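# Coordinate inspection notes
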Amino acid sequence: MVNGKKIVVVMPAYNAALTLHRTYSELPFEIVDEVILVDDDSSDSTAAIARKMGLTVFRHKQNLGYGRNQKTCYREALKRGADIVVMLHPDYQYSPKLIVSLVGMI
């Protein structure tokens, strides 16, 4: 939480089993209140790994594509009362450590 604002990180995932743990482990948990992963019918163990890690997981029953995955991410974050939603790709496209700077600008 920053300035009383609930921060939810959303991860639109597709076959991210190999990089999910690294991405998650670098999250700034001192400010992140919740992490949601939306699995877009991955053929690997992304959803199972995320559940074992304690993430809130939603899984599409079929691959709906990146746009629908994003919509599910945002919808579920807002349902949970997020004031600030940060999208982070679980394939480590960029460092989760940037979240502190991003949230600080809001």
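A brief look at the structure comes next. (Residues numbered from 1 in each chain as written. Predicted model: local features only at pLDDT ≥ 70, side-chain atom pairs only at ≥ 80, totals over all residues. Heavy atoms only, no water.)

### Some remarks on the side chain of Glu76
- Looking at where Glu76 falls in the secondary structure, it is placed in helix α3 (residues 66-79).
- When its relative accessible area of 7% is taken as the criterion, Glu76 is described as buried. (Helix = DSSP H or I, 4+ residues; strand = E, 2+ residues; numbered from the N terminus. Buried < 20%, exposed > 50% of the residue type's maximum accessible area, 1.4 Å probe, protein only.)

### Concerning the sheet that holds strand β4 (residues 84-87)
- Strand order in this open sheet of four strands is β3-β2-β1-β4, and the pairing throughout is parallel. Looking at strand neighbours, the two that pair on one side only are β3 (56-59) and β4, the edges of this open sheet. On average, each strand axis in the sheet is tilted by 20 degrees relative to the strand beside it, whichever way the strands run.
- Two elements, strand β1 (residues 7-13) and β4, share four bridges in a ladder whose sense is parallel. The residue bridging Val9 from the neighbouring strand is Val86, located in β4.
- In the packing of α3 onto the sheet, contacts are made with β1, β2 (34-39), β3 and β4, and the angle to β1 comes to roughly 155 degrees. (Pairing = 2+ DSSP bridges. Axes fitted to C-alpha atoms, helices over the stretch in contact; angles between N-to-C directions. Contact = heavy atoms within 4.5 Å.)

### Examining the environment of Asn3
- Note on placement: Asn3 falls in the segment before β1.
- Separated by 101 residues in the primary sequence, Asn3 and Gly104 have C-alpha atoms spaced 9.7 Å apart.

### So, α3
- Given a rise of 1.5 Å per residue, 14 residues ought to cover 20 Å, and the 20 Å separating the end C-alpha atoms of α3 matches this to within 8%.
- Those residues of α3 lying buried are Asn69, Thr72, Cys73, Glu76 and Ala77. Buried residues of α3, seen end-on, are gathered within an arc of 125 degrees and therefore sit on one face of the element. Turned more than 90 degrees off the buried face of α3, the exposed positions are Lys71, Leu78 and Lys79.
- At its buried positions, α3 is contacted by β1, β2, β3 and β4. (Expected span 1.5 Å × (residues − 1). Arc of directions from axis to C-beta.)

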